[in-house]
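A closer look at the structure
What follows is the residue order along each chain.
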Amino acid sequence: MYLMILGAPGSGKGTQGKLLADHLGIPQVSTGELLRSAVQRGTALGREAKGYMDRGLLVPDRVVVGLIKEILESREAARGVLMDGFPRTVPQAQAVDRILAERAARVDRVLLLEVEEPELVKRLLGRAAKEGRSDDNLESIKQRLTVYHDQTAPLVAYYEKQGAVRRIPGMGAVDDIQQRVREAAEA
Ligand code: B4P
């Protein structure tokens, strides 16, 4: 099963994705986590990605598509994967479709978490206070929201054409949202 969790920054992709992946027994893969790990290790990929991430911009597709290909072709992903934070642009979605088609698979469900913007900002500023992630500052958060609307939200129409999108109200308690997420994933 190939599932994708889609939503604006702060919509709870990481939180809900982890719970759902554990429940289904498939790996959760987050390009954000992989990129942050590359930054921390100071690899060439990490050095290139850091400038984009800190400014709230997307890392270029040519960098991310290689990463996505590696993930989806790995043995770990053979039985399915929960994609958290990718694809994020139409060219990335086309790349995912091509890679999955090679194993006669496709994105089965896109779980779209819908959260109002003031709540998104509140959550990310809350995380900044707790974890100090370098892109959780007001300027970068605003930029990430703009990038989401311009470059990632068009994916909703892309996957709606495939009948894969399930809209999930993402406000409220984590456990209540997880219940809705599971129902949407398994329906
Ligand atoms: P990501 O790591 O994907 O970060 P994000 O979109 O900002 O969302 P995140 O996953 O952290 O937040 P979540 O919704 O889980 O990407 C970071 C950067 O990496 C991007 O800006 C980009 O530069 C780069 N990047 C990553 N993937 C890329 C790609 N494919 N192509 C190009 N560039 C890419 O929200 C989490 C917060 O909300 C937490 O603090 C959590 O505790 C809180 N929360 C969750 N549910 C809640 C609830 N119900 N109530 C209250 N708080 C809640």
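Thresholds, definitions, all that
Residues numbered from 1 in each chain as written. Predicted model: local features only at pLDDT ≥ 70, side-chain atom pairs only at ≥ 80, totals over all residues. Heavy atoms only, no water. Near = heavy atom within 4 Å. Polar contact = N/O pair within 3.5 Å; in protein donor to acceptor, adjacent residues only side chain to side chain. Areas by Shrake-Rupley, 256 points an atom, 1.4 Å probe, with all protein chains shown as cover. Helix = DSSP H or I, 4+ residues; strand = E, 2+ residues; numbered from the N terminus. Pairing = 2+ DSSP bridges. Axes fitted to C-alpha atoms, helices over the stretch in contact; angles between N-to-C directions. Contact = heavy atoms within 4.5 Å. Core = buried A, V, L, I, M, F, W, Y, C linked by side-chain atoms within 4.5 Å. Buried < 20%, exposed > 50% of the residue type's maximum accessible area, 1.4 Å probe, protein only. Phe/Tyr/Trp six-rings, centres within 6.5 Å; stacked < 30°, edge-to-face > 60°. Lys NZ or Arg CZ within 6 Å of the ring centre and 35° of its normal. Arc of directions from axis to C-beta.

What follows is about the site of the ligand. Near the ligand, the surroundings consist of 28 residues, among which Gly-12, Thr-31, Leu-57, Arg-88 and Arg-144 are the closest. Between an oxygen atom of the ligand and a main-chain N or O atom of Gly-12, the distance comes to 2.7 Å. In the model, a nitrogen atom of the ligand is placed 3.4 Å from a nitrogen or oxygen of the Arg-123 side chain. With the chains in place, 88% of the 990 Å² that the ligand exposes on its own is no longer accessible. Elements represented by at least two residues in the shell around the ligand include exactly α1 (13-24), α2 (31-41), α6 (117-131) and α9 (174-186). Looking at which element gives the most residues to the shell around the ligand, the answer is α2, with four residues.

The five strands are arranged β2-β3-β1-β4-β5 in an open sheet whose pairing can be described as parallel. In this open sheet, the two strands that pair with only one neighbour each are β2 (28-30) and β5 (165-169). Geometrically, the sheet is characterised by an average inter-axis angle of 25 degrees between neighbouring strands, direction not taken into account. With four bridges joining them, strand β1 (residues 2-7) and strand β3 (residues 81-84) adopt parallel strand pairing. Directly across from Met-4, in β3, lies its bridge partner Met-83. The strands touched by α1 within the sheet are β1, β2, β3 and β4 (109-114), with β1 carrying the most contacts at an inclination of about 160 degrees.

Nonpolar side chains in soluble globular proteins generally cluster together in the buried interior. One finds Met-83 and Tyr-159 to be the most contacted residues of the largest nonpolar core, which totals 38 residues. Of all the elements, helix α4 (residues 61-72) adds the most residues to this core, at six residues.

Burial of β1 is extensive: six of the six residues sit out of reach of the surface. Burial along β1 is two-sided: the face carrying Tyr-2, Met-4 and Leu-6 and the face carrying Leu-3, Ile-5 and Gly-7 are both buried. Of the pairings in the sheet, the one linking β1 to β4 comprises five bridges and is parallel in character. Its bridge partner being in β4, Met-4 is matched across the sheet by Val-110.

Another aspect to go through is the packing of aromatic side chains. One pass over the structure, following the stated rule, counts one aromatic pair. A cation sits over an aromatic face here: Arg-55 above Tyr-52, 5.7 Å from the ring centre.

Looking now at unusual backbone geometry. Along the chain, Phe-86 connects to Pro-87 via a cis peptide bond; the corresponding omega equals -10 degrees. Its place among the elements puts Pro-87 in the loop between β3 and α5 (90-101). Despite not being glycine, Ala-104 has its phi angle at roughly 55 degrees, a positive value. Within the secondary structure, Ala-104 sits in the loop between α5 and β4. Note on Ala-104: relative accessible area 77%, which makes it exposed.

All right, on to helix α3 (residues 44-54) then. Every buried residue of α3 is listed here: Gly-46, Ala-49 and Met-53. Along the axis of α3, the buried positions cluster into a sector of 70 degrees, meaning they face one direction only. For α3, the exposed residues set more than 90 degrees away from the buried face come down to Ala-44 and Arg-47. Where α3 is buried, its residues touch α2 and α7 (138-152).

Distances and angles like these do not, on their own, reveal function.
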